[in-house]
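Summary of structural features
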Amino acid sequence: MTMKKVTYRQAINEALFEEMERDPKVVLFGEDVGTYGGVFKVTDGLKKKFGNERVFDTPIAEAALMGAATGAAVAGLRPVVEIMFMDWIGIAMDQLVNQTSMIPYIWEGIKVPLVLRTQGGSGSKGSCQHTKSLEAWIYHVPGIVVAMPSTPYDAKGLLKSAIRNDNPVAFIEHKMLYPTEGEIPEGEYTVPLGRASVKREGKDVTVVALSKMVVESLKAAKELEDEGISVEVVDPVTIKPLDMDTIAESVKKTNRVVVVNEAFRTGAVASDLTAQIQERCFDDLDGPILRVTAPDVQVPYSPALEQFWLPGKDKIKQAVLECMKR
Amino acid sequence: MFATSLPEEKLIEMYRKLWLARNHELLAEEWKLNGRIQGSVHLATGQEAVAVGACSALEVDDYIMGTHREHAQMIAKGVNIRRMAAEMLGKATGMNQGKAGHMLFSDKSVNALGGCGIVGGGAAVAVGYAMAFKVLGTRQVSLVFFGDGAFNTGAVHEAINFASVRKYPVIFLCENNRWGLTVMQHEQTVVEDLSDRARCYGIPGVTVNGNDVLAVYEAVKLAVDRAREGDGPSVIEAKTWRMRGLAAGYPMDWEPSEYHEEGRKQDPIRLFEEKLIARNILSEEMAKGIEEETRRVVEEAYEEASQAPYPDEAVFWENVFAAPIG
Ligand SMILES: Cc1ncc(C[n+]2csc(CCOP(=O)(O)OP(=O)(O)O)c2C)c(N)n1
């Protein structure tokens, strides 16, 4: 297969182009996604190509966006709706929790095939309202598939699957990943939802990491290799439903686990993954599962303070070393 | 026009504040572009008369709630420019110790409370300020700034209706620069004069030229007097001009040139200057002096701030819970 190098941003853009080309029922809307092509330029060129009926800018109205995407999905479209920053997902949350997710369960025969695209994550000096990772809120609600790709390859293939899937899918990007590069095939491919991906093989410790924390974990693993520690990095890619088999297989081999999630610590997805792993793998574990998360503190603006908030390579290394001692 | 009969010192003070805000924005833009300020900096260049006109009609005791484009609003309310500059740089000497940054800072000493990066998110908070004033019988008022884009959010409409039914002393000031981030007003609403919406809530609504600082002052003063007398809230729309892109450094080449041609004819500082000179309140020499003096004040504030220390880790852990528990 011929491969090419693209950014995470381009990969998502390509997936949108290809799926809109393939299926006229796919529509895309949100704030600033049309003429300008998105504040992160992820939807660049789509309005020009597919026209204002299928790709359009909306008023600032997150609740209405989420509700309208839901209605449109019920009535036969396959909407891709963007909530620009995850920090204000709260405004859309009622629609998502009390309409989108509920309808397919109680209204037999009705499906809600939509994709909610949003992005979270810190590192941009965005202060408290442009930095949060609130995937746990969505993850908590039954009936919504939640995906958090970490590479251009996964992002493109997974978004194509998400658009084709008949369930509501929350597709959560990370703002600091947009410029990162990776290889993808020249031609058509998809990545299945609900399948984890081993990003690096190792035998001493399993690091289960989400989104940008996969990149940080790989950096940590590389440095730890020099210290003689072999780290396996598992990226769930889709966090719900979770591919527990792949994680359990890794744990069987390493007997030690660190879970890494850039989010407030209490009630983070990491907490739940930890619970799921110990339930399934208790007999394979040589010690407690450790978590690397952000603290239960708002994300401050100052570059000097933001660093205390951010989880990353060094904190992951520390946790792996700690884990090896237990 | 009763505003024209304001004391000369007050008029000169308003003129000076326009320059202080303008020079702040020009310098902040420069510092952002050369990397000395981090994060997205939303400039109010060209919109200064809305902020200065409005805050000149308030007392120090009155509260304001600003937007993500808050610098001019906060300067107009009288925040300390040195502490503001330090906050913009994330320094320990900043008004919020570097925790808030350029979208969210606040200064309790002048009741500038505060910036808000969630579009429309400040309106209900300002209603709450006004609720407290009414219940406590203090005769204070609150004023919330929000954009034309924000005026399409449910949160703003809920807040206005709530305040009108409870007759709370709050002024809803829509700073209409005819842009969301990249989407113009007519693509977000079919309503031309946004103050028309006040009628739906049974309260006064007026549209003024937001580049005319005295017109803004008059409209706000009438609304403030009404609110203080217990007659409830008002809506004011001030139409203005966003001289720069959506934030510092964003491309403007794609923006409609008529928008800027029209805007340039309406520079709020020039408009006011011409009036003051015609009435012999200001000479060209004084005008030049004020322009230069305010530029120096801003430059000195930033130079001083750049020398100030960053906050340390202790600051990071402070106020996670700001009050004792148990
Ligand atoms: C709830 C919410 N939705 C979207 C955004 C992203 N955003 C930031 S500024 C902005 C445009 C706001 O337009 P307007 O209210 O007219 O204010 P202006 O930027 O023109 O001052 C948008 C959409 C946000 N910050 N909050």
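Values in this document were obtained by computation on a predicted structure and should not be read as measured data.

1. Remarks on the site of the ligand
Taken together, 20 residues lie around the ligand, and A:Glu62, B:His68, B:Arg69, B:Gly117 and B:Gly149 are the ones closest in. Surrounding the ligand is a set of residues that belongs to chains A and B. Separating a nitrogen atom of the ligand from a backbone N or O atom of B:Val119 is a distance of 3.0 Å. Bound to the protein, the ligand loses 97% of the 580 Å² it would expose on its own. For the shell around the ligand, a count of residues per class yields 9 nonpolar, 6 polar and 5 charged.

2. Digging into the interface of chain A and chain B
Contact with chain A, which involves 31 residues of that partner, is made by 39 residues of chain B. It is A:Tyr36, A:Ile60 and A:Tyr301 that lose the most area in chain A upon contact with chain B, and together they represent 26% of the buried surface on that side. Counting across the chain A and chain B interface gives 0 salt bridges. In this structure, the connection of chain A to chain B is made through 11 residue pairs in polar contact (both at pLDDT 80 or more).

3. Some remarks on the sheet that holds strand 9 (residues 197-200) of chain A
Residue and element names in this part refer to chain A. As summarised here, the arrangement of the 5 strands in space is 9-11-10-13-14, forming an open sheet in which the pairing is mixed. Two strands close off the open sheet at either side, each with one partner strand: strand 9 and strand 14 (290-294). This sheet shows a mean twist of 25° between the axes of neighbouring strands, independent of strand direction. Pairing of strand 9 with strand 11 (residues 231-235), which is carried by 3 bridges, proceeds in the antiparallel orientation. When the bridges of strand 11 are listed, Ser197 appears paired with Asp235. Seen against the sheet, helix 12 (residues 313-325) touches strand 10 (205-209), strand 11, strand 13 (257-264) and strand 14 and runs at an angle of roughly 165° to strand 14.

4. Focus: helix 9 (residues 257-264) of chain B
Among all positions in helix 9 of chain B, only B:Tyr259, B:His260 and B:Gly263 are buried. Projection of helix 9 of chain B onto a plane perpendicular to its axis shows the buried side chains occupying an angular sector of 90°, all on one side.

5. Some details on the domain arrangement of chain A
Size of an interface, as often reported, equals the accessible area lost when the parts are brought together. All names here are of chain A. Looking at the assigned domains, one finds that chain A contains domain 1 (3-185) and domain 2 (197-325). Distance between the C-alpha centres of domain 1 and domain 2: 26 Å. At the junction of the two partners, domain 1 supplies 31 residues and domain 2 supplies 30 residues. With both chains or domains summed, domain 1 and domain 2 bury close to 2,300 Å², and 59% of this area falls on carbon and sulfur atoms. Taken together, the links from domain 1 to domain 2 amount to 2 salt bridges. Note that Glu306 is salt-bridged to Lys125, the shortest N-O span being 3.3 Å. Where the side of domain 1 that touches domain 2 is concerned, the elements lending two or more residues are helix 6 (135-139), strand 6 (145-147) and helix 7 (152-164). Residues that form the side of domain 1 that touches domain 2 fall into these classes: 15 nonpolar, 12 polar and 4 charged.

6. Brief notes about the side chain of A:Arg54
Residues and elements named next belong to chain A. With respect to the element layout, Arg54 can be found in the loop between helix 2 (46-50) and strand 3 (55-57). It turns out Arg54 is buried and unbridged, and the closest side chain with the opposite charge, Asp23, is 6.2 Å from it. Once residues lying within four places of it in the same chain are set aside, the contact partners of Arg54 are Met20, Asp23, Pro24, Val26, Val27 and Leu28.

7. Comments concerning the pairing of strand 10 of chain A
All names here are of chain A. With 5 of 5 residues buried, strand 10 lies mostly within the body of the structure. By the bridge criterion, 4 bridges tie strand 10 to strand 11 in an arrangement that is parallel. Its bridge partner lying in strand 11, Val205 is registered against Val231. In this fold, strand 10 hands off to helix 8 (residues 212-226), which returns the chain to strand 11; that crossover is right-handed. Here 4 bridges tie strand 10 to strand 13, and the two strands are oriented parallel to one another. Bridging across to strand 13, Val208 finds its partner in Val259.

8. Points about the state of the cysteines
Following the criterion strictly, the structure yields 0 disulfides over all chains and no others. Free cysteine A:Cys128: the closest other cysteine sulfur is in B:Cys116, separated by 11 Å.

9. Quick look at the packing of helix 9 (residues 244-254) of chain A against helix 10 (residues 269-281) of chain A
Residue and element names in this part refer to chain A. Interhelical geometry of helix 9 versus helix 10 gives an angle of 65° and a closest axis separation of 10 Å. For the crossing formed where helix 9 meets helix 10, the hand is right-handed. Contact with helix 9, carried on its side by Met244, Asp245, Ile247, Ala248 and Val251, involves Gln276, Ile277, Arg280 and Cys281 of helix 10 and no other residues of that element. Class assignment of the residues belonging to the contact of helix 9 with helix 10 gives a composition of 6 nonpolar, 1 polar and 2 charged.

10. Observations regarding helix 4 (residues 89-100) of chain A
Residue and element names in this part refer to chain A. Across its 12 residues, helix 4 extends only 14 Å between first and last C-alpha, which sits more than 12% below the 16 Å expected from 1.5 Å per residue. Those residues of helix 4 that sit buried are Ile89, Ala92, Met93, Leu96 and Thr100. For helix 4, the buried positions fall inside an angular range of 130° around the axis, keeping them on one side. The elements touched by buried residues of helix 4 are helix 3 (62-74), strand 4 (78-83), helix 5 (103-106), strand 5 (115-120) and helix 6.

11. Topic: the environment of B:Glu237
Residue and element names in this part refer to chain B. Position of Glu237 relative to the elements: it lies in strand 5 (residues 234-239). Its relative accessible area of 0% is what places Glu237 among the buried residues. With near-sequence residues (within four places) excluded, Glu237 lies in contact with Cys174, Asn176, Glu192, Asp193, Leu194, Ser195, Val206, Thr207 and Val208. Of note is the side chain of Glu237, whose polar atom sits 3.1 Å from the backbone nitrogen of Leu194.

Rules of the game
- Residues numbered from 1 in each chain as written.
- Chains lettered and ligands numbered in written order.
- Predicted model: local features only at pLDDT ≥ 70, side-chain atom pairs only at ≥ 80, totals over all residues.
- Heavy atoms only, no water.
- Near = heavy atom within 4 Å.
- Polar contact = N/O pair within 3.5 Å; in protein donor to acceptor, adjacent residues only side chain to side chain.
- Areas by Shrake-Rupley, 256 points an atom, 1.4 Å probe, with all protein chains shown as cover.
- Nonpolar A, V, L, I, M, F, W, Y, C, P; charged D, E, K, R; others polar.
- Contact = heavy atoms within 4.5 Å.
- Buried area = accessible area lost by both parts, 1.4 Å probe.
- Salt bridge = Lys/Arg side-chain N within 4 Å of Asp/Glu carboxyl O.
- Pairing = 2+ DSSP bridges.
- Helix = DSSP H or I, 4+ residues; strand = E, 2+ residues; numbered from the N terminus.
- Axes fitted to C-alpha atoms, helices over the stretch in contact; angles between N-to-C directions.
- Buried < 20%, exposed > 50% of the residue type's maximum accessible area, 1.4 Å probe, protein only.
- Arc of directions from axis to C-beta.
- Domains from an automatic or database assignment.
- Lys, Arg positive; Asp, Glu negative; His and termini not counted.
- Right-handed = clockwise from strand over helix to strand, strands pointing away.
- Disulfide = S-S within 2.5 Å.
- Left-handed = near helix turned anticlockwise from the far one by under 90°.
- Expected span 1.5 Å × (residues − 1).

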